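Residue-level structure breakdown
Residues per chain, in single letters:
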Amino acid sequence: MKKVGVAILGLGVVGGGAYKILTERREFFRATQGVDIEVTCVLERDPERVRSLGVKSEIVASNVFEVISNPDVNIVVECIGGVADAKGYVFDALNAGKIVVTSNKELICKYAQDLQRAAKRTNAGIYYEASCVGGVPIVRTLLDGVQSNRISSIQGIINGTTNYILTRMTKDGMTYEDALAEARKLGFAEADPSADVEGFDAAYKLSILSSLAFHTRVPFSKVFREGITGISGEDVEYGRGLGYTLKLLAIGKDTERGIEARVHPAFVKNTHPLANVDGSLNAVYLTGDAVGDLMLCGEGAGALPTGSAVVSDVIFAATHEGNRYLAFKSTAKAESDVRFVSDFESAYYFRLTLADRAGALSKLTTLLAKNNISIVDLVQRPSAADSATVVLVTHTTHEVSVKNAVARINTAGIAKVGSVIRVLS
Ligand code: HSE
């Protein structure tokens with residue numbers, strides 16, 4: 001039986017999960033996959049992690065050169081994260097001709113072209129299922145499941161931390177601060193949660209997924225990004241009253257005007273499948289011209305779900321002749337030829353405060369009409385003695401029209417704009 005040796009760099013949550021799956025299911029993989037995959041080396045500085053996983057001391061390397069010069073290592077699994085150490089280690093491994101499996105979205109997103117070149121030079125492969133949406137096999141679905149389609153859109157909830165926070169705000173009326181504190185306590189949010197709550201994590205993943213879906217490089221710099229830190233319970237509640245659930249959405253579209261890629265909070269109609277993806281769950285909803293609409297849903301983080309994605313790549317690499325690269329069309333020419341849309345189209349939710357007197361609402365709707373913004377739904381509630389809160393949802397319009405309208409509403413003193421939130425249309 002074919003033997004394959006694996007080294008794991010980093011035994012944190014993901015690396016630890018991958019180690020457990022590979023060691024505990026070795027016999028199962030021998031029986032079902034016809035290959036004997038052995039963890040022959042690990043690189044981990046924290047002795048407690050090594051001890052708690054029961055790793056034999058003789059396979060613990062003291063530096064990366066021991067790993068890549070080890071003839072019993074065919075595949076290097078990088079689960080360190082970030083680009084500080086991981087980047088050099090991955091290039092060292094590729095330069096040494098080792099196949100690389102990585103869960104590192106930032107690395108893939110920022111260095112795709114260089115990684116691809118390095119892998120091709122030594123005929124090594126590079127695999128990254130675990131970099132996007134944890135246990136949900138979205139990379140393989142795009143590469144091997146729906147490749148006969150032209151994908152027109154990919155929409156998803158691809159960050160579990162923010163989905164947990166927004167779910168607690170929506171279902172249980174929690175404030176943003178309390179929901180974030182709870183997410184931290186439960187281990188969903190990091191001590192510094194900015195990568196998640198400011199949308200960076202989702203933007204890295206969207207850059208990778210839309211590059212795969214649309215067969216062209218969608219660089220991180222072209223992904224519009226807005227996080228959830230400005231979201232108020234008041235808006236969540238008004239949206240709920242109108243039949244919407246608030247989510248942090250990642251949206252990629254291949255349109256006639258060009259490609260758009262954006263991460264921002266958005267209201268989703270309760271009848272849409274994404275509205276019911278709650279807690280720390282993730283989901284990707286894609287539309288292809290042959291397959292139609294398709295949704296994959298599951299755990300986007302955690303030791304075993306993300307370990308499952310890592311090990312799926314290890315098994316793929318161990319059981320296939322020939323190597324796979326990044327599958328991005330990533331030449332400089334391809335990038336400069338692509339048009340990216342920043343004035344995207346969306347429906348919008350507005351919350352405004354205006355004077356509660358004759359003609360105030362009419363001035364507002366006239367100004368919206370002048371900017372080509374048409375209203376679908378509107379509610380008004382008295383707020384202070386002589387003012388009212390107006391919440392409205394628009395038909396699909398342009399981002400630029402909304403920006404112009406908001407500026408004019410404020411400067412002309414027509415109303416005070418409390419918030420503007422995009423609505424999935
Ligand atoms: N921090 C991410 C999340 C998981 O909350 O979904 C890793 O990408």
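Glancing now at the sheet that holds strand β1 (residues 2–9). Ordered by their spatial adjacency, 5 strands build an open sheet running β2-β1-β3-β4-β5, and the pairing between neighbours is parallel. Pairing within the sheet leaves two strands with one partner each, and these edge strands are β2 (35–43) and β5 (126–127). Here strand β4 (residues 99–102) pairs with β5 via 2 bridges, running parallel. Counted as the bridge partner of V101 is Y127 from β5. Packed on one face of the sheet, helix α2 (residues 26–33) meets β1 and β2 and runs near 145 degrees to β2.

This part is about the site of the ligand. Around the ligand sit K105, N159, G160, T161, D196, D201, K205 and A301, and those are all the residues in its vicinity. The contact in question runs from an oxygen atom of the ligand to an N or O atom on the backbone of G160, over 2.7 Å. Within the side chain of T161, a nitrogen or oxygen atom sits 2.5 Å from an oxygen atom of the ligand. Notes on the ligand: free accessible area 260 Å², of which the protein chains cover 80%. Mapped onto the shell around the ligand, the elements with two or more residues apiece are α8 (160–172) and α11 (200–214). Looking at the shell around the ligand residue by residue, the classes come out as 1 nonpolar, 3 polar and 4 charged.

This brings us to the domain arrangement of the protein chain. For the protein chain, the assigned domains are domain 1 (2–134), domain 2 (140–300) and domain 3 (345–423). The straight-line distance from the C-alpha centre of domain 1 to that of domain 2 is 28 Å. On the domain 2 side, the residues contacting the 12 residues of domain 1 number 15 residues. Buried surface at the junction of domain 1 and domain 2, both sides included, amounts to about 1,200 Å², of which 70% is carbon and sulfur. When the buried area of domain 1 at its contact with domain 2 is split by residue, K105, C109 and V133 rank highest and sum to 47% of it.

Okay, the packing of aromatic side chains next. Summed over the entire model, instances satisfying the criterion amount to 7 aromatic pairs. Consider the rings of Y164 and F188, whose centres lie 4.8 Å apart with planes at 45 degrees: the pair is tilted. Here the residue Y164 occupies a position in helix α8, and F188 occupies one in the loop between α9 (176–185) and α10 (194–197), the gap between them amounting to 24 residues. When its relative accessible area of 33% is taken as the criterion, F188 is described as partly exposed. The interplanar angle of 55 degrees and the centroid separation of 6.1 Å between the aromatic rings of Y244 and F267 together place this pair among those described as tilted. Here F267 lies in strand β9 (residues 258–269) and Y244 lies in strand β8 (residues 244–255), a separation of 23 residues in the sequence. The class for Y244 is buried, based on a relative accessible area of 8%. Here F267 falls in the buried class, since its relative accessible area comes to 1%. Each member of the aromatic cluster is reached from another via a ring pair, and the members are Y244, F267 and Y349. In this structure, R262 packs its charged tip against the face of F344, placed 4.1 Å from the ring centre. Positioned over the ring face of Y244 is K269, at 4.4 Å from the centre of the ring.

A rise of 1.5 Å per residue sets the reference length of α8, with its 13 residues, at 18 Å; its end C-alpha atoms lie 17 Å apart and thus fit the reference within 8%. Taking burial as the measure, the 13 residues of α8 include 10 buried ones, the bulk of the element. Looking only at α8, the buried set comprises G160, T161, T162, N163, Y164, I165, L166, T167, M169 and T170. Looking at where α8 begins, the residue whose side-chain oxygen comes 3.3 Å from the main-chain nitrogen of T161 is N159. Count one or two residues on from α8 and you reach G173, which has phi positive near 65 degrees.

Further remarks concern the pattern of salt bridges. Applying the stated rule across the entire model yields 27 salt bridges. Its salt-bridge partner being D114, residue R117 comes within 2.7 Å of it at the nearest N-O pair. Separated by 3 residues within a single helix, R117 and D114 lie in helix α6 (residues 105–122), roughly one turn from each other. Residue D278 pairs with K247 through a salt bridge whose shortest N-O separation is 3.1 Å. Taken as a pair, D278 in the loop between β9 and β10 (281–288) and K247 in strand β8 lie far apart in primary sequence, 31 residues in all. Connected via shared salt-bridge partners are K3, R26, E27, R30, D36 and E38.

Another aspect to go through is the nonpolar core. Counting residues in each nonpolar core, the largest one holds 84 residues, and the members touching the most others are L94, L115, I126, I138, L142 and I165. Leave out the neighbours within four places in its chain, and L94 touches V100, L115, A118, A119, T122, A124, G125 and I126. The next biggest cluster of nonpolar side chains, apart from the first, holds 32 residues, and it includes L11, I75, V77 and F316.

Here we come to the pairing of strand β12 (residues 345–355). Burial within β12 is extensive, with 8 of its 11 residues counted as buried. Pairing of β12 with strand β15 (residues 397–398), which is carried by 2 bridges, proceeds in the antiparallel orientation. Looking at β15, one finds that E345 is bridged to H398. With 7 bridges joining them, β12 and strand β14 (residues 387–394) adopt antiparallel strand pairing. Residue pairing for β14: L354 is matched across the bridge by A388.

What counts, and at which threshold
Residues numbered from 1 in each chain as written. Predicted model: local features only at pLDDT ≥ 70, side-chain atom pairs only at ≥ 80, totals over all residues. Heavy atoms only, no water. Pairing = 2+ DSSP bridges. Helix = DSSP H or I, 4+ residues; strand = E, 2+ residues; numbered from the N terminus. Contact = heavy atoms within 4.5 Å. Axes fitted to C-alpha atoms, helices over the stretch in contact; angles between N-to-C directions. Near = heavy atom within 4 Å. Polar contact = N/O pair within 3.5 Å; in protein donor to acceptor, adjacent residues only side chain to side chain. Areas by Shrake-Rupley, 256 points an atom, 1.4 Å probe, with all protein chains shown as cover. Nonpolar A, V, L, I, M, F, W, Y, C, P; charged D, E, K, R; others polar. Domains from an automatic or database assignment. Buried area = accessible area lost by both parts, 1.4 Å probe. Phe/Tyr/Trp six-rings, centres within 6.5 Å; stacked < 30°, edge-to-face > 60°. Buried < 20%, exposed > 50% of the residue type's maximum accessible area, 1.4 Å probe, protein only. Lys NZ or Arg CZ within 6 Å of the ring centre and 35° of its normal. Expected span 1.5 Å × (residues − 1). Salt bridge = Lys/Arg side-chain N within 4 Å of Asp/Glu carboxyl O. Core = buried A, V, L, I, M, F, W, Y, C linked by side-chain atoms within 4.5 Å.

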